[in-house]
Structures are given as structure tokens and as C-alpha cells.
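Fold and contact review
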Amino acid sequence: MELLSNLELGFATVLTPENLMFSFFGVLLGTLIGVLPGLGPLVAIAVLLPFTFGLDPVSSMIMLAGIFYGAQYGGSTTAILINLPGEASSIVTTLDGHEMAKRGEAGKALATAAIGSFFAGCVATVLIGIFAPPLAELAFKFGPAEYFSLMVCGLIVSVVLANGSVLKAIGMMVLGLLIGLVGTDEQSGLQRMTLGVPELSDGLAVAAIAMGIFGLGEIMRNLEDFNRRDFTVSKITSLMPGRDDLKRIFAPMVRGTFLGSFLGVLPGGGALLASFSAYALEKKIAPNPDDFGRGAIQGVAAPEAANNAGAQTSFIPMLTLGIPSNPVMALMISALVIQGIEPGPAVISDHPELFWGIIASMWIGNLMLLLLNLPLVGLWVKLVSIPYKILFPIVIVFACVGVFSINNSAFAVFTMAGFGVFGYVLKKLECEPAPMILGFILGPMMEGHMQRALLISRGDISVFVREPISAGLLAVAAVALIVAVLPSVNKTRKIAMVDDD
Amino acid sequence: MKHLNDKDVASGLMFILFGLIALFLTSEFDFGSAARPGPGFFPIVLSVLLMLIGAAISGWGLLRHGDPIAHFALPPLILITAAVCVFSFCIEPFGLVPSVILAVLIASCARPHFGNVQRFVLAIGLAAFSALLFVVLLNLPISLWPV
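All chains use their own residue numbering, which begins from 1 and follows the written sequence. Just so you know, chain letters begin at A and ligand numbers begin at 1, following the order they were written in. Local features in this predicted model are restricted to residues of pLDDT 70 or higher, and side-chain atom pairs are both shown and tallied only at a pLDDT of 80 or more, whereas totals for entire chains, interfaces and linings draw on every residue.

Under the DSSP-based scheme used, a helix requires at least four consecutive residues in state H or I and a strand at least two consecutive residues in state E, with every element numbered from the N terminus. For chain B, the helix and strand inventory stands at five helices and zero strands. Helices and strands appear in chain B in the N-to-C order α-α-α-α-α. Compactness check: chain B gives a C-alpha radius of gyration of 23 Å against a globular reference of 15 Å for 147 residues, more than 25% above the reference. Overall, chain B is about 55 × 45 × 20 Å in size when its C-alpha atoms are taken along their principal axes. Contact criterion: two residues are in contact if their C-beta atoms, reconstructed from the backbone, are within 7 Å. Partitioning the intrachain contacts of chain B with sequence separation of at least 6 by distance along the chain shows that 61% fall at a separation of at least 24. We take the radius of gyration over the C-alpha atoms and set the globule estimate at 2.2 Å times the residue count to the 0.38 power.

This is the structure:
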């Protein structure tokens, strides 16, 4: 029972007063930002990154992980109470969750979301504990050729799973790869695309790009509506789900958890796709699909379980391969690097307390969410009623200070401004930015692995298809790409993404 | 010209433009060969690929007549960008407090019905709050005032 002894190490790491406190603060602060309209986990992490600088690596990751699922959960709270998803993955929760709230069952919907998330969190924690170590073992066998093909595969899958046009998503990915190459070339030491700007020799900062595109771009879009609607907050009646309800949500919760766990591992999948797919699945197999959209409790339980499970399992590729599966994980990687830890298969063996500590903290964090959210719902509601005109300057200030403090770099703040404009333009052009962020992170790594693979094979390019693992990964990428372009699949993909509105 | 307003055509052109810029910036580097790639290999291949993708998107847009680009709201775009830029220019010479005040004053113009008193109260309040939080509590090495 190696798993048990490993988890024991994890819990021993987390169950110190300090780490419990950091987990608690992470969850609390994450929820605090997550409930604010338009601010999701990515912005929460970018803004709160400076809070973790003074901490040791374990505590800082525990806190960041707490921020991540706190923000995830905060989004669901506003989705239910005011029909406003805090972030994209809780869009489907508005469909039935807010309907329940309108019927006076807000308390029940919130409790269902919390229970679903907690259940999914428990299962996902165990799944990570079981599957991550063998994956890291496998990753040790990976040479440069395998890594290169794995990244190609990951990028293609992320493109296939992205919202909207596949071609545009590929364009965004390639653009991201190019932007990632800005800076000093590892191999030759040459300055590429730096325009002679000395600050660019280290490349662009991922936090500045992410914060600009997702934070500032979103604010600009929100300010378009001259008179933003006032939110009407549903009354919260404390109606815990009864035995009947629990019976009804159990099966959807289990299905949502496993679907979400699987999709979370896929690059670009993560929580968003998980919640949409889980909702679509429940609607398809429900005996009375007409109830969906009219306050079906299963329509809250399944996507909430799925998005939480997906959020957690998306840690797997990051912790075992050092490859981010979504922009949030890209930020997590840069946070680890700031702490002096190079994410990759060696993390489990070199820093077992970090690895298992994060996993144990996920379970603890989920428990805290459950205990924190239901009693504090009143506080979250008050936060939501802060007028937007007060809110957005606060977010801008936090974004500026946050991005500045990562490297004490005023240039990073300037970069963020530029990417804010770019993010707004991308929204107008309906180009999905997530593949770009993944490409940005993977660009330099891919180039390095490609060059090393060719060096080892003495310039034989067939090395990528000769090694079985590498060939298999490239085959998966090719199939995924073909499938995505086929018109019939494209149509169902669109339906799965849009479904009801 | 009216096609320029099509979302797909415009996105494609954007990709072509970025591809051109990247190609222009990296064409000086040694391309090498597929077997022995030089520092120019990866960026040049990617920029050409990006231009091809852009051309495909634009072409597809011309054939299909997609949706026009929704209206650009310029005032928030300019004001938010200006606020962040001013912060980035002021933070090193002038310190945190003046930078935050300036940024908030500029950004808050993006929202009408903001009373002047209210704006100043918010700006000063936020400056005090962030000084307390980031410098006093979190101990980040940021100067508060002009040095």
C-alpha cells in the first residue's frame, strides 16, 4: 500500500498549523475573487501570486491550489444566486442552478454544488494519487523525441477541444509558439525578436500575458455596456437537500466526476469542457430531459462535480510531465519556477513532500470549501453587490502591482497593457486565447527537444516516427486533427459547446 | 473593403500580419536544415505556417460571408490601457502611492457617472490600501514614494 504511505506523507505535510492556514487563506481569497463577476481562477492566481513569494515552495503551492479551486467554486455561487457565471466553467450551472434559486431553492442548489464538488474532489484526489506516479515513471523513459511528440499531441488536442473555429485555434497556437520564442535562444545565445529591448532578452512573462488577455480584456468588454444590469440576488432559504434529493444527485455526481476527471487531464480540456460535457450527458440520459433548464437538481450536481474533478486532475500533466494542460497550470508552472523548482517527472522523487502535500491539500481544501461556503454565502452575496465601477479599478490596481512584483519589472506591466488590447481584439474576432497561452509556454521547450532529438539521432528526422511512444503520440495528434476537421464531428462539437443558451 | 469588417477575414489578416512581422524579425538567423536546424529554423517554419493558416481563414471568410465585427468601444479600451501604461511608467521613478492614484483616476474615467469626489476618495483609498497590503504586510520590495 504505497499509496497510503504516500498520502500519509502528504497529510503530514499539510496538517501543520501553518500549511492549514495557507490552505484556508488560499481557499478564502480564491473564493473572494471567484465570486466577483468576470474574474475566474486565472485572474485570481495572477493577482494573488505576490502573496506566495515569501513562502516555501510547499506552502506556496498549497495556497495557490487553494486559490484555484476556491475561485472555481466561487464562480458557481454567483452562477446560482445572480445568474452570472463567475467564470466560463460555471456557465452551465446558471441554467438549472439559477432556475432553482428563482423557485426559492437557492440554498439547496448551493448545497448541491458544494456536495458535488466535494465528492468529486475526494475521488479526484485518489485518482491523482493512483495515476500520477506511474505516469511520472513512464515520463522518465521519455527522451527528447517523445517530449517533442507529446507536446505536438497536447497542442493539437487543445486545439481540437477549444471553443469555436478549429482553424483559428490552430492559428492562435502557432502564434503562441512564436511569441514564446521571443528572447534569448537557448542553443545559440542569439537574441530573437527582441527588437533590441533589453527587458525582452528573458522573454515575455506568462503572468503579464494571461492577466492582460483574461483580466484587462475582460474589463474592457464589461465596460462596453453603458448601463450594466443590476443584479437581483435571489433570497437564500436554508433548504438542505433531503434524502430524496441526495438519491437523485448521486448517480449524476458519479458520472460527472469520472467524465470530469478524464477530460481534466487532456490538454485544453480542463474544467470548462468537463462541465459542458457532463451537463450534455445528463440531459441525454435523463428520463425527463425537459426538466433541464427548469431547475433540475441533476443539472447542478453533474457539471459542478465534473468541473471540480477536471480542475484537480489537470494537475496531473503539470506535476508529472511539467507540461501545462491549460493557462491556469501554465501560471502554476511559472509559480513553481519562481520557487526554484523545475516541474517534471523528477518532482515526485525529488520533492515527495511537495507532490503529496499538494494532493493532500486538495482534499483538505475541498473540505474547507464545504465548511466555508455554506455559512459564508451571505458575505459572498454582499461582495457581488459591490458596484462594478468600484470593482474594476480595484482589479486593475491589483493586476498592476501583482504583475510588477513578480520580477519587479515595470516592463512586464507595460506588456500586460499591450496584451489587454490584444485580448479585447481577440474577443471581437472570436479567437480563443487559451491555445496561444499553451503554445507560448511550450514553444521554447518544443524547439529545444526537437534540436536535442535531432542531435542524438545525428540529423535523422525519422526519429520522431521510429520510436514507438513518439510515433503513437503523433498518430493520436493526427487522428484528433482529422476528426476535428470532419464536418460531422464539428457539428456535434458545436452542439456540445453551445447546447442551451 | 467591406470584407475587412468580416470576423474571419480580419482574423486571417491578423495572423498573416503577425507571420510577416515574425518572418521579418527572424529571417536574418541561420535556417540550417531539417536534420540540423539553426536558430532560424523553428521561427521561420512557424511564421510561414502562421501566414498559410491566416490565408486559409481569410479565404474561408471571403467565401462564407461571416459575421461582421461587433462595435469597438474605444473609450474603455484607451482609458484602461492608458491607466496601466501610466502605472508602468510611474512605478519606478515615483513609487507605489502616486502610481496607484494616477492609474485609478485615469481608469475610473471609463465609467460615466463617477463623481469627482468619489473618484479621488477611491484613488486615495486604494493607494493607502495597496501600500498597507503589499508593502507593509507582504513586505514586497516596492518603494512607496518618489526616491
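Here the narrative resumes.
The subject of this paragraph is the overall build of chain A. Looking only at helices and strands, chain A has 22 helices and two strands in total. By the compact-globule yardstick of 23 Å for 501 residues, chain A fits well, its C-alpha radius of gyration being 22 Å. Counting only C-alpha atoms, chain A reaches 70 × 55 × 50 Å along its principal axes.

Below, the discussion takes up the interface of chain A and chain B. Between chain A and chain B, the contact holds 52 residues from the first and 58 residues from the second. At the level of elements, helix H8 (166-180), helix H9 (206-222), helix H17 (388-407), helix H18 (410-429) and helix H19 (434-456) of chain A are the ones that each hand at least two residues to the side of chain A that touches chain B.

Our focus in this paragraph is helix H1 (residues 2-14) of chain A. Under the convention used throughout, the expected extent of a helix is 1.5 Å for every residue step, that is, one less than its residue count. Taking 1.5 Å of rise per residue, the 13 residues of H1(A) would be expected to cover 18 Å, and the 18 Å separating its terminal C-alpha atoms lies within 8% of that figure. Summarising the contacts, the buried residues of H1(A) are in contact with helix H2 (17-34), helix H4 (57-82) and helix H16 (352-384) of chain A.

Residues and elements named next belong to chain B. When you line up the elements, Phe41 lands in helix H2 (residues 41-64). Exposure is read from a count of other C-beta atoms within 10 Å of each residue's own; the residue is exposed at 12 or fewer, buried at 20 or more and partly exposed in between. C-beta atoms are placed from the backbone. Classification of Phe41 as buried rests on a count of 21 C-beta atoms within 10 Å. It is 55 Å that separates the C-alpha atoms of Phe41 and Gln118, two residues lying 77 residues apart in sequence. Those residues within four positions of Phe41 in sequence are excluded, and the remaining contacts are Phe31 and Gly32.

On to the packing of helix H6 (residues 106-140) of chain A against helix H10 (residues 243-265) of chain A, then. All names here are of chain A. Relative to each other, H6 and H10 sit at 45°, their axes nearing to 9 Å. Judged by the inter-axis angle, H6 sits oblique to H10. Helix-helix and strand crossings are classified by hand; for H6 and H10 the assignment is right-handed. Side by side, H6 and H10 meet where Lys108, Thr112, Gly116, Phe119, Ala120, Val123, Ala124 and Leu127 of the first sit next to Asp245, Ile249, Met253, Gly256, Thr257, Gly260 and Ser261 of the second. With axes taken as lines fitted to C-alpha atoms, and helix axes fitted only over the stretch in contact, angles between N-to-C directions fall between 0 and 180 degrees. Angle categories: roughly parallel below 35 degrees, roughly antiparallel above 145, roughly perpendicular from 65 to 115, and oblique for all the rest. Should the near helix be turned anticlockwise from the far one by less than a right angle, the crossing is left-handed, and should it be turned clockwise, the crossing is right-handed.

Bringing the packing of H18(A) against helix H3 (residues 74-94) of chain B into the picture now. Look at H18(A) against H3(B): their axes get within 8 Å of each other, and the N-to-C directions meet at 170°. Comparing the axis directions of H18(A) and H3(B) gives the class roughly antiparallel. On the side of H18(A), the interface is formed by A:Ala410, A:Val413, A:Phe414, A:Met416, A:Ala417, A:Gly420, A:Val421 and A:Tyr424, while H3(B) contributes B:Leu77, B:Ile80, B:Thr81, B:Val84, B:Cys85, B:Phe87, B:Ser88, B:Ile91 and B:Glu92. Residue composition of the contact of H18(A) with H3(B), by class: 13 nonpolar, three polar and one charged. Three residue categories are used. Nonpolar comprises Ala, Val, Leu, Ile, Met, Phe, Trp, Tyr, Cys and Pro, charged comprises Asp, Glu, Lys and Arg, and polar comprises the others, including Gly.

Moving on to the confidence of the model for chain B. Every residue is assigned a pLDDT by the predictor, reflecting its confidence on a scale from 0 to 100. Summarising the model, chain B shows a mean pLDDT of 89, and 99% of its residues fall at 70 or more. For this predicted complex, the interface confidence reaches an ipTM of 0.94, while the overall pTM sits at 0.84.

What follows concerns H6(A). Residues and elements named next belong to chain A. With 35 residues, H6 ought to run about 51 Å at 1.5 Å a step, and its terminal C-alpha atoms sit 49 Å apart, in line with that. Residue Phe131 marks the point of greatest curvature in H6, where the axis turns by about 30°; the proline Pro133 follows within four residues. Extensive coverage of H6 is indicated by the burial of 26 of its 35 residues. To get the bend at a residue, fit one axis to the 7 residues ending there and another to the 7 starting there, then take the angle between the axes.

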